[in-house]
Amino acid sequence: MIVEAGHFALWLAVGVTLILGTLPLVGAHRGRADWMALAKPTTHILLALIVFSYGCLIISFVNNDFSVLNVASHSNSYLPLMYRIAATWGSHEGSLMLWLLMQAGWAWAVASFSRNLPPAMVARILSVMGLLTLSFLLFVLLTSNPFDRLFPVPADGRDLNPQLQDPGMIFHPPMLYMGYVGMSVAFAFAVAALIGGNLDAQWARWMRPWTTVAWAFLTFGIALGSWWAYYELGWGGWWCWDAVENASFMPWLVATALIHSLAVTEKRGSFKSWTVLLAIMGYSLALLGTFLVRSGVITSVHSFASDPTRGAFILVMLAITVTAALALYAWRAPKVGLGARFSAVSRESMLLANNVLLVVAMAAVMLGTLYPLILDALGLGKISVGPPYFDAVFVPIMAVLVFFMGVGPLARWKNDDVPSLAVRLRWAASVTMVSAALTAWIGGTITFGSVIGLLMAYWILYTVLAELWERVRPAGGVQTNLLHRLSQVPRATVGMMVAHVGVAVFVFGVTMVGTYDIERDVAMAPGDSTTVNGYTFTYQGTQPASGPNYQAMRGHLVVTREGEHVTDMFPERRVYKVQRNPMTEAAIDTRVRGDLYVQLGEPLADEKWLVRIWVKPFVAWIWFGCLFMGLGGMWAITDRRYRNRATRDAPEGIGGGVSAAR
């Protein structure tokens, strides 16, 4: 009964989205306040139906209802409760339900926190989001029903993929989907503005916090996925340019460009057409990523499905969405004003350069991701595009981008000149070169790549400090308390600085682990020792161990440094009761200066085991940097100008709005 109720709720949601996607939109066009007023309550009803349906799916997993195909295929009676709940999004069908839940949740958030927006604008935004939700509801009901029954009912399920039986499975997919689906809000704002013709600074101010939140969640989601792969897959790496990793990275690059473009549109009334195009591009790339994960065109530990029918459905969704949005853009774009003028040396120019470089970087990643798939589809052979291509193409683009990233915040709006800009940057440039050279010398290994990486990290850090000093230094002979001056820095600016420091920390971590990473494979019997980068690892032996649904062999290594005990490490090799494939669980000791990483390999003769040991300097800084980036974005949206009540009778005509920019 629970299963049928959940399925029926999805069909009711189809009817609700049909109302949401049509009547408020028509009402906004005709000026019918009663029809526009339907947008918010129908959004609340939609969320209630999706939550109820998803709750029914969770109950099916928790109760081990193996009459449901989805439960029988991805759960088992031995599976711990938290993983039974997480298994609801561990399948293709369940992950789409999570997508619907996030989509309805974002729509509810817009409806609940949009009191400052004109009713017509809210109606258009929610109608567009309703139509997007409708497309995914039809996708679920017609090709990917999570409530399909199975007969005869098996005695037990096939179990969740052992690689997914990890706390990362609880947090990574919801966080990533919050970012993925959040791009639909930016898309809806852009399409609604094109329909209504209010592409102005006020629109950018409304749209900017929503886009920033989606970007922050996407940042957190990608970082969590990277960290999960690092400790779970036992390969010691943090990013392998996997096609599915790239599928989430491409919209992140465009979203990063979008939040910077919105800053210019809000402040100066420029980049309006470009901002709209980036919003369309960001959601389109989210749909493209969905296609890559679910169509079967790639083989990856991250992919969900291999059904060409589902892939074709998503391609049709992508084609309709992109074609409609671009057609609307082509119709409206010529009527959009260019906004305020600016010189070649100005903050606008620096942000434009960063935007272009981010899109070029996205195109490079897309080429490396799709080119092998296109060749294979055309029968022209199979090729593999891996890290050598991405490192050779992506890194130089990022190096140039980082230069503009440091210069941009210190450049003046509208017009600046090179000599005065150079004066503001001179000490940051000098200290950057000294710091990079000193760090490389202390590290003991100097390579071209490490020097470039260190220059990038320190350049970002010191230009942020230079900008902060420009904002808080005493001016005009007026002496005030430093803390008071710091408190006057806008929260949006502080958030930007924190995010940029996060990029510096990230680049530093990537550079250090890429340059100074040490790996050692050793065959070890009890009592054997090996020394790696000053750490002595002594193998104590291996003992049987067991978990709730697996058996394991657990190794024990004692780590010392200069005779002092550092830590004990316990890597495991597991075999799960249902899916009998052996799995490795690495032992990781995380410290500020780096990780000790041990993996237990294959058993050998004479009680020996193959043990793989890494010393990975500053690798955790990669994820700390991502954390700073996301937190910076979250802090930025608390700026008071996003809490001020907007004018309800904002102009509905295209262009205009430059005077509203601050």
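Residues numbered from 1 in each chain as written. Predicted model: local features only at pLDDT ≥ 70, side-chain atom pairs only at ≥ 80, totals over all residues. Heavy atoms only, no water.

### Comments concerning the pairing of strand E9 (residues 594-603)
Counting buried residues in E9 gives eight out of ten residues, a clear majority hidden from the surface. Connecting strand E8 (residues 587-591) to the next strand, E9, in antiparallel fashion are two residues. In this sheet, strand E10 (residues 609-617) lies alongside E9 in antiparallel orientation, the contact comprising eight bridges. By the bridge assignment, Leu596 is partnered in E10 with Val615. Remark: five residues form the turn of the hairpin made by E9 and E10, two consecutive strands paired antiparallel; Asp606 in that turn has positive phi of roughly 60°. (Buried < 20%, exposed > 50% of the residue type's maximum accessible area, 1.4 Å probe, protein only. Helix = DSSP H or I, 4+ residues; strand = E, 2+ residues; numbered from the N terminus. Pairing = 2+ DSSP bridges.)

### Structural notes on unusual backbone geometry
Each neighbour pair has its own omega, and for Phe151 with Pro152 the value is 0°, a cis peptide bond. Positive phi is not limited to glycine here, since Asn64 has a value of about 55°. Tracing the chain through its elements places Asn64 in the loop between helix H3 (39-62) and helix H4 (69-74). Phi angles above zero are rare outside glycine, and Phe618 is one such case at about 60°. Looking at the secondary structure, you find Phe618 in the loop between E10 and helix H19 (620-636).

### Examining helix H8 (residues 167-196)
In this model H8 runs 45 Å from its N-terminal to its C-terminal C-alpha over 30 residues, within 8% of the 44 Å that 1.5 Å per residue would give. With respect to burial, H8 is a largely interior element, 24 of its 30 residues being buried. The N-capping residue of H8, defined by a side-chain oxygen 2.8 Å from the backbone nitrogen of Gly168, is Asp166. Gly197 occupies a position one or two residues after H8 and carries a positive phi of about 80°. (Expected span 1.5 Å × (residues − 1). Polar contact = N/O pair within 3.5 Å; in protein donor to acceptor, adjacent residues only side chain to side chain.)

### Side note on the confidence of the model for the protein
Here the protein averages 88 in pLDDT, while 93% of its residues score no lower than 70. Mean pLDDT in the protein bottoms out at helix H17 (residues 482-487), which sits at 81, and peaks at H3, which reaches 96. Considering only residues more than four positions removed or in separate chains, one finds that residues 645-662, a stretch of pLDDT under 50, has 52 contacts. (pLDDT = per-residue confidence, 0-100. Contact = heavy atoms within 4.5 Å.)

### As for empty space enclosed by the protein
Throughout the structure, instances matching the rule amount to one cavity of 30 Å³ or more. Approximately 30 Å³ is the volume attributed to the largest cavity. Broken down by secondary-structure element, the contributors of at least two residues to the lining of the largest cavity are helix H14 (387-407) and helix H16 (448-472). Per-element tally for the lining of the largest cavity: the top contributor is H16, with three residues. When its residues are assigned to classes, the lining of the largest cavity shows three nonpolar, three polar and one charged. (1 Å grid on protein atoms, 1.4 Å probe; cavity = no way out; pocket = protein on both sides within 12 Å on 5 of 7 lines; lining within 4 Å. Points joined across faces, edges and corners; volume = space filled by probe spheres on them. Nonpolar A, V, L, I, M, F, W, Y, C, P; charged D, E, K, R; others polar.)

### As for the nonpolar core
In terms of nonpolar packing, the biggest core is built from 172 residues, with Phe189 and Trp203 touching the most fellow members. A total of 17 residues in this core trace back to one element, the largest contributor, which is helix H9 (residues 201-232). Ranked by size, the runner-up nonpolar core spans 17 residues in total, among them Val532, Val559, Met569 and Trp609. (Core = buried A, V, L, I, M, F, W, Y, C linked by side-chain atoms within 4.5 Å.)

### Concerning the side chain of Thr143
With respect to the secondary-structure elements, Thr143 resides in helix H7 (residues 119-143). Within polar-contact distance, the side chain of Thr143 engages the backbone oxygen of Phe139 at 2.7 Å. A distance of 2.9 Å separates polar atoms of two side chains, one belonging to Thr143 and the other to Ser144. Beyond its immediate chain neighbours, meaning those up to four positions away, Thr143 contacts Leu138, Arg310 and Phe313.

### Some thoughts on helix H15 (residues 418-443)
If you check H15, its first and last C-alpha atoms are 35 Å apart, about what 26 residues at 1.5 Å a residue would give, namely 38 Å. At Leu425, H15 shows its largest bend, some 45°. Buried within H15 are the following residues: Ser420, Leu421, Arg424, Leu425, Ala428, Thr432, Ser435, Ala436, Thr439 and Ala440. (Bend = angle between axes of the 7 residues up to and from the residue.)

### Remarks on the packing of aromatic side chains
With the rule as written, the count across this model stands at 32 aromatic pairs. When the ring of Phe139 is compared with that of Phe313, the centres are 5.1 Å apart and the planes differ by 20°; the resulting orientation is stacked. Separated by 174 residues along the polypeptide, Phe139 in helix H7 and Phe313 in helix H12 (residues 308-332) bring together distant segments of the chain. Under the relative-accessibility criterion, Phe139 is labelled buried at 0%. Measuring from ring centre to ring centre gives 5.8 Å for Phe249 and Trp252, while their planes differ by 15°; the resulting arrangement is stacked. A residue pair is termed a helical-turn pair when its members lie 3 or 4 positions apart in one helix, as Phe249 and Trp252 do in helix H10 (residues 243-268) at three residues. Looking at Phe249, the relative accessible area reads 13%, which means it is buried. Taken together, Trp215, Trp239, Trp241, Phe249, Trp252, Tyr389, Phe390 and Phe394 form an aromatic cluster joined through their ring pairs. The ring of Trp35 has Arg32 lying over it, and the distance from NZ or CZ to the ring centre is 4.5 Å. (Phe/Tyr/Trp six-rings, centres within 6.5 Å; stacked < 30°, edge-to-face > 60°. Lys NZ or Arg CZ within 6 Å of the ring centre and 35° of its normal.)

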